[in-house]
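Architecture at a glance
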Amino acid sequence: MPSRGLHPDVTLGIAISCVMSRNRYTRDPAPVIDELYATAGGRLDLLTREVGRWIGFYEDDYVRALATALRALPLDMADEIEIGRKRRFSGTRGTHGYARPPGVRSP
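So, here's what we can say about the structure. Nothing here was measured: the structure is a model prediction, and the numbers come from that model.

**Thoughts on the packing of aromatic side chains**
With the rule as written, the count across this model stands at two aromatic pairs. Ring geometry for tryptophan 54 and tyrosine 58: centres 5.2 Å apart, planes at 35°, overall tilted. Pair noted here: tryptophan 54 and tyrosine 58 are both in helix α3 (residues 44-58), with a separation of four residues, about one helical turn. Here tryptophan 54 falls in the buried class, since its relative accessible area comes to 3%. Accessibility expressed as a relative area gives 29% for tyrosine 58, which makes it partly exposed. Taking the centre distance of 4.9 Å and the plane angle of 70° together, the rings of phenylalanine 57 and tyrosine 58 count as edge-to-face.

**Overview of the pattern of salt bridges**
If you walk through the whole model with that rule in mind, you get nine salt bridges. Between arginine 43 and aspartate 9 there is a salt bridge, and its shortest N-O distance comes to 2.8 Å. Residue arginine 43 is located in the loop between α2 (30-40) and α3, and its partner aspartate 9 is located in helix α1 (residues 8-22); the two are separated by 34 residues in the primary sequence. Arginine 43 sits in the partly exposed class, given a relative accessible area of 28%. A salt bridge links arginine 43 to aspartate 45, with the nearest nitrogen and oxygen atoms 2.8 Å apart. One connected set of salt bridges, linked through shared partners, spans Glu59, Asp61, Arg64 and Arg71.

**Here's the deal with the side chain of threonine 48**
Relative to the elements of secondary structure, threonine 48 occurs in helix α3. For threonine 48, a relative accessible area of 13% corresponds to the buried category. For threonine 48, the side chain forms a polar contact with the main-chain oxygen of leucine 44, separated by 2.7 Å. With residues up to four places along the chain from it excluded, the contact list for threonine 48 reads Leu75, Asp76, Met77 and Glu80.

**A few points about the nonpolar core**
Buried together is how nonpolar side chains tend to be arranged in soluble globular proteins. Core analysis: the largest hydrophobic core is formed by 21 residues, its most contacted members being Ile16, Leu36, Val51 and Leu70. Listed by contribution, the elements that provide at least two residues to this core are α1, α2, α3 and α4 (64-71). Here this core gets five residues from one element, more than from any other, and that element is α3. Apart from residues no more than four positions distant in its own chain, leucine 70 is found in contact with Met20, Ile33, Leu36, Val51, Trp54, Ile55 and Met77.

Conventions we followed
Here the residue index of a chain counts from 1 through its sequence in written order. Local features in this predicted model are restricted to residues whose pLDDT is 70 or higher, and side-chain atom pairs enter the listing and the counts only when it is 80 or higher, whereas totals over whole chains, interfaces and linings include all residues. No hydrogens and no water enter the side-chain calculation; it runs on all heavy atoms of the structure. Ring pairs shown here join Phe, Tyr and Trp side chains whose ring centres sit within 6.5 Å, with only the six-membered ring taken for Trp; geometry is labelled stacked below 30 degrees between planes, edge-to-face above 60, and tilted in between. Helix numbering and strand numbering both begin at the N terminus, where a helix is a DSSP run of H or I of at least 4 residues and a strand a DSSP run of E of at least 2. Remark: exposure states derive from per-residue accessible area (1.4 Å probe, protein chains only) relative to the maximum for the residue type, with buried under 20%, exposed over 50%, and partly exposed in between. A carboxyl oxygen of Asp or Glu within 4 Å of a side-chain nitrogen of Lys or Arg is what we treat as a salt bridge. N or O atoms within 3.5 Å of each other form a polar contact, as long as, within protein, one can give a hydrogen and the other can take it, and as long as residues adjacent in sequence are counted only when both atoms are side-chain atoms. Between two residues, a contact is recorded if the distance between any of their heavy atoms is within 4.5 Å. Residues belong to one nonpolar core when they are buried, are Ala, Val, Leu, Ile, Met, Phe, Trp, Tyr or Cys, and are joined through side-chain atoms within 4.5 Å.

So this is what it looks like as structure tokens:
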């Protein structure tokens, strides 16, 4: 089945998020921030969105060094941080609670 692939903005957003997740436990956030700006290129809108949502979702004591440095960036992330927080505490979605109807067996 052919696919058109992901939209370039989605692909870039994933790349930005991967930089943060790959370096989440760093104690030296300066190279991470440099890599984020290099990855985002001129797309500060995507950088703002991804960094803010990452902070909101992942910020805790273990990632404090990176999160603190990211919060200091000159980006307006307040709304995005709130979206990340809501996503973190919204619960999980999946099929773990799925039950087959009576009489239906797995293949």
